[in-house]
Amino acid sequence: MSEPSAPGAVRLASAQGRWVLLTAVLGSGMALLDGTVVNVALPRIGEDLNADLAVLQWTVTAYLLTLSSLILLGGALGDRFGRRRVFVIGVVWFATASLLCGLAPHAWVLIAARALQGVGGALLTPGSLALIQAVLHPDDRARGVGAWSGLGGVAAAVGPFIGGWLVDGAGWRWVFFLNVPLAAVCVPVALRHVPETRERGGARGRRGFDVLGAVLGALALAGVTYALIAAPNGGAGLGVLLPAVAGVLLGVLFVQVERRRADPMLPPAIFRIRQFSAVNAVTVCVYAAFSGFFFLSVLQLQVVVGYSALQAGTALLPTTVLMLLLSARSGELGQRTGPRLPLTVGPLLCAAGLLLMMRVGRGASYFADVLPALVVLGAGMVTLVAPLTATVLASVDVNRAGLASGINNAAARAAGLMAVAALPLLAGFGPEAYRSPDAFAAAFLRAMPLCAGVLVAGALIAWLTVRTDALRPEPGAEEPCHAKTTYHCGVTAPPLDPGETRQETEPRPPDR
């Protein structure tokens, strides 16, 4: 076969274009599958490893901790050292960590391996989309990203089903082993068919990476997360207070470092853009509630209602199917009406769906109790997700769209991390709550109003701060990048996977 074509010149309809798309889908599909199948396996993991609720929390948060802390740095590494190279390293890293997760003999090995998985995810997630943006011809990027988004949505949709099937059959360890064959296909295809691209010249090429910022951010999140998860057992003792105080102080130090660096990972100046800050505040509220809900609802369905892992995973499919079918239309509607209305109505619908979940208890009927709640929740997600991500991109100059979406992605994941850590404490879940249907059901009833309240807060922020004309370009302004907008509008399930990097600065081929 001939050598790969030059970057930016590959047509999607060509054989090489399809290989590039397959590579990106396989890479991002690993992360999407992992994000949906692990929650389904949590009760079985706890039972097999004789673990309490804190271990289940760390199984989720260890991954989110390293991913949210390092994803911006991962995108920058790809820009500098080669997007294909860093993507391939991320895929291999992710698969190796997945193998360690599946082989983990006890809980803390599993948690450490999950943290390593997050590092791999931070390398491959930005790269999956960056490959399409950098390699495909400009005329084909929107279609390529749309196809990537749709196929990723399929992966997200089948994830809970596959996870439940594996947990009930071969066992929970196969939820992690599943990533190994995907990587075994993805890496050779990437090396053979995807040309290397990187950022050339410019100021960033002469500056170092913000490794200090990434480390401080990770340590700050780790300290606060540890304190929140340990509090039900440790109370207000030094073992809880010291990590909490250390996390807050490190967070303050992180902000100071970012303000003083010439090229920070998280530029504080971008938050001076009022609309950008407002939409990120809505993002934090929305994805904190989503993450808390999906973490607890799968446990509720298995521990309290008595579903198998397969039944619990399948039960949640309506929300993903609605997102898959209607997100594009929602994006078009948000463009016509402006984002203020959908960003207000969407969270309120989601809050109503979560309150309806309070009817789901022992002996609940799927069609009378579970399905109505999930349909209302899905309708809210359809209403808000596409306008939310499109507004993030529209709030900044087009040249900073990649950075803006990366920050928004990190904010969504950090919000999910904090929610999974804090919600069991706030709702009164004891360490052994998931072993007792009655105790878990009672705490679940306290948790859903908390999540709904956070969504209502997000709706209020949107109503008060988001402009109706936020998606309309200024007269004479450059049109937004349709490929990026298509990507974000096409996201099909939380958590979001924007992970876009500051896009390539290599010269494009001349237009026809």
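All figures in this text were calculated on a predicted structure; none of them were measured in a lab.

A.B. asks: Would you mind going over the environment of Pro 339 with me for this structure?
C.D. replies: Looking at where Pro 339 falls in the secondary structure, it is placed in the loop between α13 (317–337) and α14 (340–356). The exposure class assigned to Pro 339 is buried, which follows from its relative accessible area of 0%. As a C-alpha pair, Pro 339 and Leu 384 span 45 residues in sequence and 8.4 Å in three-dimensional space. Beyond its immediate chain neighbours, meaning those up to four positions away, Pro 339 contacts Gly 334, Thr 391, Val 466, Arg 467, Thr 468, Ala 470 and Leu 471.

A.B. asks: Would you explain helix α2 (residues 53–81) in this entry?
C.D. replies: In this model α2 runs 41 Å from its N-terminal to its C-terminal C-alpha over 29 residues, within 8% of the 42 Å that 1.5 Å per residue would give. The sharpest bend along α2 measures roughly 50 degrees and falls at Leu 70. Buried residues dominate α2, accounting for 25 of its 29 residues. Its side-chain oxygen at 3.2 Å from the backbone nitrogen of Ala 54, Asp 52 defines the N-terminal cap of α2. In the stretch just after α2, Gly 82 is the one whose phi turns positive, near 115 degrees.

A.B. asks: Quick question: what am I supposed to make of the nonpolar core here?
C.D. replies: Nonpolar side chains in soluble globular proteins tend to end up buried together. By size, the foremost hydrophobic cluster in this structure holds 137 residues, and its most contacted members are Phe 290, Leu 296, Leu 301, Leu 377, Phe 429, Phe 440 and Met 448. Among the elements that take part in this core, helix α11 (residues 274–304) stands out by supplying 16 residues, more than any other. Discounting residues that sit within four places of it in the chain, Leu 377 has contacts with Phe 290, Phe 293, Phe 294, Thr 319, Cys 350, Gly 353 and Leu 354.

A.B. asks: How should I be thinking about the packing of α11 against helix α15 (residues 366–394) in this particular structure?
C.D. replies: Helix-helix packing is described using two parameters, namely the angle between the two axes and the distance between the axes. Interaxial distance between α11 and α15 falls to 11 Å at its minimum, and their mutual angle equals 155 degrees. One way to sum up the angle between α11 and α15 is to call them roughly antiparallel. In this structure, α11 meets α15 at a crossing whose hand is left-handed. Residues Phe 276, Val 279, Val 282, Thr 283, Val 286, Tyr 287, Phe 290, Phe 293, Phe 294 and Leu 301 of α11 touch α15, and the partners they reach there are Val 370, Leu 374, Leu 377, Met 381, Leu 384, Val 385, Leu 388, Thr 391 and Val 392. When grouped by side-chain class, the residues that make up the contact of α11 with α15 number 17 nonpolar, two polar and no charged.

What counts and what doesn't
Counting of residues starts from 1 at the beginning of each chain's written sequence and follows it residue by residue. Residue-level local features of this predicted model are given only where pLDDT is at least 70; pairs of side-chain atoms are given and counted only at 80 or more, and the full residue set underlies all totals for whole chains, interfaces and linings. Just so you know, side-chain values use all the structure's heavy atoms and leave hydrogens and water out. Comment: elements are numbered from the N terminus, with helices defined as DSSP H or I runs of at least four residues and strands as E runs of at least two. For each residue, the accessible area found with a 1.4 Å probe, counting protein chains only, is set against the maximum for its type, and the residue is called buried under 20%, exposed over 50%, and partly exposed in between. Any two residues whose heavy atoms approach within 4.5 Å are treated as being in contact. In a helix, the anticipated span is given by 1.5 Å times the number of residues less one. Bend is computed residue by residue as the angle between axes fitted to the seven residues ending at the residue and the seven residues starting at it. Counted as a polar contact is a pair of N or O atoms within 3.5 Å, where, for protein atoms, one must be capable of donating a hydrogen and the other of accepting one, and residues adjacent in sequence contribute only when both atoms are in side chains. Among buried residues, those of type Ala, Val, Leu, Ile, Met, Phe, Trp, Tyr and Cys that are joined through side-chain atoms within 4.5 Å constitute a nonpolar core. Structural elements are reduced to axes, namely lines fitted to C-alpha atoms, with helices fitted over the stretch in contact, and the angle between N-to-C directions of any two is expressed from 0 to 180 degrees. Orientation is classified from the angle alone, with under 35 degrees giving roughly parallel, over 145 giving roughly antiparallel, 65 to 115 giving roughly perpendicular, and any other angle giving oblique. Put simply, a crossing is left-handed when the front helix is turned counterclockwise from the back one by less than a right angle, and right-handed when it is turned clockwise. Nonpolar residues are Ala, Val, Leu, Ile, Met, Phe, Trp, Tyr, Cys and Pro. Charged residues are Asp, Glu, Lys and Arg, and all others, Gly as well, are polar.

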